[in-house]
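# Topology and contacts: notes
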There are 2 protein chains.
Amino acid sequence: MRVYNFAAGPSTLPLNVLEEAKKEFLDFGGTGMSVTEISHRDKAYMAVVSEAENLVRELLKVPEDYCVIFVQGGASTQFAAVPLNLMHNGVADYIVTGNFAKKAWQEGKLYGTANKIGDSSDRTYTYIPNVHKLSYTEGADYVHITSNNTIFGSRYSEFPDCKAPLVADMSSEIFSRETDVSKFGVIYAGAQKNLAPAGVTIVIAKRSLIGEPLNICPTMLRWKVQDENGSLYNTPPAFSIYMANLVLRNLKANGGVKEIQRINEYKAGLLYDFIDNSPLYKNNVLPEFRSIMNVPFVTGNEELDAKFVAEAKKAGLVSLKGHRLVGGMRASIYNAMPVEGVKALIEFMKKFELENKTTV
Amino acid sequence: MRVYNFAAGPSTLPLNVLEEAKKEFLDFGGTGMSVTEISHRDKAYMAVVSEAENLVRELLKVPEDYCVIFVQGGASTQFAAVPLNLMHNGVADYIVTGNFAKKAWQEGKLYGTANKIGDSSDRTYTYIPNVHKLSYTEGADYVHITSNNTIFGSRYSEFPDCKAPLVADMSSEIFSRETDVSKFGVIYAGAQKNLAPAGVTIVIAKRSLIGEPLNICPTMLRWKVQDENGSLYNTPPAFSIYMANLVLRNLKANGGVKEIQRINEYKAGLLYDFIDNSPLYKNNVLPEFRSIMNVPFVTGNEELDAKFVAEAKKAGLVSLKGHRLVGGMRASIYNAMPVEGVKALIEFMKKFELENKTTV
């Protein structure tokens, strides 16, 4: 029986995409080979990379002067690639609104002065600092943000309007809501939430910014090199890109980003409304900054939280355990989580609430 | 119809492994999820990573004091990781015996003095320099070799017995022949030849060597960090590791490295014998250094080569076109290429030879 998988990533993928991939797993497009076996220089495979790039461009309305590349190593590798490609003046600003934002900042410090100009750790990252009141550094090479915080369930409701190029890690929300790419210098995202199985990372970067990586930048981390080679400088993570292409086709066929945003807001709305009206469950993020992708909640009783996670699993609602830094529960409701999954979760939450009235 | 795929990588995988992966593609081990969807922190998935590591250890008899890690970015990323983890004295030796050996050497120069102490480009990389007669640099941090040259079809028949730790890129031959790991400081290999679909790279390193990466080494390229986190520092390329595990199980079930070496030598022997006795085809690599994985050959006539590749494809023998740096043909006959595939190729070569007698 297929479960509803609320994992934060790797995470659920569209069932019809999985079925399509399974169907042609031994014979990709009539080539007589699995897509896991075909040469990345084969025309049939190169067409996949090219189509995936074009779908990203179309779905996010990426301006012409931006590259769209598929690389490896996850967002964590990009934490280094960002300074190694951009830190020419040796100084950058970081807004630290969660665990991965902090890691990006710490990595930045390996290569220059990384100024932490905003920090919401004082209230366990349950809000985003007011981006209009931050002291941006004059002459900074970039301002780095993490647009959606997977662990703490917060996200930017508006983005910094800074002079320096804005660099955003959008791993846990890319393709979930409409984004004006032209406001950003660089957007990067690990694929394993809204795009594909783990193993591929997407980088969208303004070409005028990436012409001169630092000398110490590994060739494979040079966005310019990857762009000039159409993401095929070396052997790409072929299966993940193939799956990304199927997911993007599926997103387009279902109305694109605007339509999935509507559905995502509906799903998140159902869940937050229920939580806010529940005597048992609580979400601590300020409403303005609540993520529509990751919804953490607690009962306030650790034993009860553990019971919830265990019983939910038995009911076919899996990977609801909160991150170890937060505890409690977390429902990641990415693009591929159907409305029915969220409704099933809410039904379970209601039932659990009733059954555990006396405990509270 | 399933073809025989002679691609240099990504390349053919064992059919029974592909069938097994297909069978459980929508429901991994009864979890109700695809293996492409399951959290990398789920016990069911962590068991896969752990089993894959143990199989590598068992099949290659990896000594206890070596780490075995799964990372991303291909061997090309390791070209930078090698100096970034090891180049403490700022000097290393490189033996340049092919295209990727050259790239590794060029990358080394980004981080210190990379001495090219051997070079076989004078005869188009058709041999390996005598490793006993090279001038190894006193105090070098390591000596880097590429043990098998995918493009030119040569390989080391014996390895340098140097004072500095020996670092080997074994991408195109790992698991193909018995290897005394203890002779090496570091072995690394992209998976997409003998191990798994593209997207994962294996690093086997003596732990005493990797304790202090350079300060400028990206966290994700620090072998020590990956080792301490059991290859789960961040989200791993989960599907590729899963497939690697299936391939390794399959290798073990079929007699391990010793047995596959016997088969590989048999397959390569058939092909080289036929080529050496043919009036039409020629392999230019000195017999002592001939790869048992990659077998390039030419007719000496470019038009005829192109005709060969096109007609072979029609006969279900695909990806036989040689690398653009060499031209002609190349048959990559990795572990997963069945003996029948090599025999089918030889039959086709015979037929083509007869049909094109007048052209020669």
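Residues numbered from 1 in each chain as written. Chains lettered and ligands numbered in written order. Predicted model: local features only at pLDDT ≥ 70, side-chain atom pairs only at ≥ 80, totals over all residues. Heavy atoms only, no water.

## Notes on the nonpolar core
Within soluble globular proteins, side chains that are nonpolar generally end up buried alongside one another. Counting residues in each nonpolar core, the largest one holds 130 residues, and the members touching the most others are Phe175, Ile204 and Met243 of chain A together with Phe175, Ile204 and Met243 of chain B. Ignoring sequence-local partners within four residues, the contact set of Phe175 of chain A consists of Val56, Leu59, Leu60, Leu195, Ile202, Leu248, Leu251, Val257, Ile260 and Asn335 of chain A. (Core = buried A, V, L, I, M, F, W, Y, C linked by side-chain atoms within 4.5 Å. Buried < 20%, exposed > 50% of the residue type's maximum accessible area, 1.4 Å probe, protein only. Contact = heavy atoms within 4.5 Å.)

## Focus: the interface of chain B and chain A
Between chain B and chain A, the residue contacts involve 60 residues of the former and 60 residues of the latter. Taking both sides of the interface into account, the surface hidden between chain B and chain A amounts to around 4500 Å²; carbon and sulfur atoms contribute 58%. Looking only at chain B, the three residues that lose the most surface to chain A are Lys22, Leu26 and Glu37 of chain B, adding up to 15% of its buried area. When residues in the side of chain B that touches chain A are grouped by element, the largest group, six residues, is from helix α1 (residues 15-23) of chain B. Its residues assigned to classes, the side of chain B that touches chain A shows 30 nonpolar, 22 polar and eight charged. (Buried area = accessible area lost by both parts, 1.4 Å probe. Helix = DSSP H or I, 4+ residues; strand = E, 2+ residues; numbered from the N terminus. Nonpolar A, V, L, I, M, F, W, Y, C, P; charged D, E, K, R; others polar.)

## With respect to the pattern of salt bridges
A pair can form between side chains of opposite charge whenever their charged atoms are brought close. If you walk through the whole model with that rule in mind, you get 32 salt bridges over all chains. The salt bridge partner of Lys163 of chain B is Glu138 of chain B, with a shortest N-O separation of 3.3 Å. Taken together, the residues span a long stretch of sequence, with Lys163 of chain B in the loop between β7 (154-155) and β8 (166-169) and Glu138 of chain B in the loop between β4 (113-119) and β5 (143-146) at a distance of 25 residues. Both residues of the pair, Lys163 of chain B and Glu138 of chain B, count as exposed. A network of salt bridges, in which partner residues are shared, links Glu20, Glu51 and Arg249 of chain A. (Salt bridge = Lys/Arg side-chain N within 4 Å of Asp/Glu carboxyl O.)

## Details of the environment of His40 of chain B
One can find His40 of chain B in the loop between α1 and α2 (43-59). Ignoring sequence-local partners within four residues, the contact set of His40 of chain B consists of Gly9 and Pro10 of chain A together with Tyr45, Met46, Leu232, Asn234, Thr235 and Pro236 of chain B. Side chain to side chain, His40 of chain B and Arg41 of chain B meet in a polar contact 3.4 Å long. (Polar contact = N/O pair within 3.5 Å; in protein donor to acceptor, adjacent residues only side chain to side chain.)

## A short note on the relation of the copies chain B and chain A
It takes a turn of 180° to lay chain B on chain A, together with a shift of 0.0 Å along the axis; the resulting RMSD is 0.0 Å. Here the transformation between the copies is reduced to the relation of a two-fold axis. A share of 100% of the interface residues of chain B reappears at the interface of chain A, consistent with the copies meeting face to face through the same patch. (Least-squares fit on C-alpha atoms with pLDDT ≥ 70 in both.)

## Some thoughts on helix α6 (residues 238-253) of chain B
Residue and element names in this part refer to chain B. Over its 16 residues, α6 extends 23 Å from the first C-alpha to the last, a length consistent with the 22 Å expected when each residue adds 1.5 Å. With 13 of 16 residues buried, α6 lies mostly within the body of the structure. Positive phi appears at Gly255, one or two residues downstream of α6, with a value of about 105°. (Expected span 1.5 Å × (residues − 1).)

## Topic: the pairing of strand β10 (residues 201-206) of chain A
Residues and elements named next belong to chain A. Burial within β10 is extensive, with five of its six residues counted as buried. Of the strand pairs in this sheet, strand β2 (residues 66-71) and β10 are connected by six bridges, and their pairing is antiparallel. If you follow Val71 over to β10, its bridge partner there is Thr201. Pairing of strand β9 (residues 186-190) with β10 involves five bridges; the strand directions are antiparallel. In the sheet register, Tyr188 faces β10, and the bridge partner there is Val203. (Pairing = 2+ DSSP bridges.)

## Looking at empty space enclosed by the protein
Here the structure, examined in full by the defined rule, presents seven cavities of 30 Å³ or more. There is about 160 Å³ of room inside the largest cavity. Lining of the largest cavity is provided by 17 residues; of these, Gln72, Thr77 and Leu221 of chain A together with Gly73 and Thr77 of chain B occupy positions nearest its centre. The leading source of residues in the lining of the largest cavity is helix α3 (residues 74-86) of chain A, at three residues. Taken together, Phe70, Val71, Gln72, Met220, Gln226, Ser231, Asn234, Pro236 and Pro237 of chain B form the lining of the second largest cavity. (1 Å grid on protein atoms, 1.4 Å probe; cavity = no way out; pocket = protein on both sides within 12 Å on 5 of 7 lines; lining within 4 Å. Points joined across faces, edges and corners; volume = space filled by probe spheres on them.)

## As for the sheet that holds β5 of chain B
All names here are of chain B. Across the sheet, which stays open at both edges, the seven strands sit in the order β2-β10-β9-β8-β5-β3-β4 with mixed pairing between neighbours. Edge positions in the open sheet fall to β2 (66-71) and β4, since each of these has one partner strand only. Taken pair by pair, the neighbouring strands of this sheet meet at an average axis angle of 20°, ignoring direction. Sheet contacts for helix α3 (residues 74-86): β2, β3 (91-96), β8, β9 (186-190) and β10 (201-206); angle to β9, the most-contacted strand, approximately 160°. Along the sheet, helix α4 (residues 99-108) makes contact with β3, β4, β5 and β9, crossing β3 at roughly 160°. (Axes fitted to C-alpha atoms, helices over the stretch in contact; angles between N-to-C directions.)

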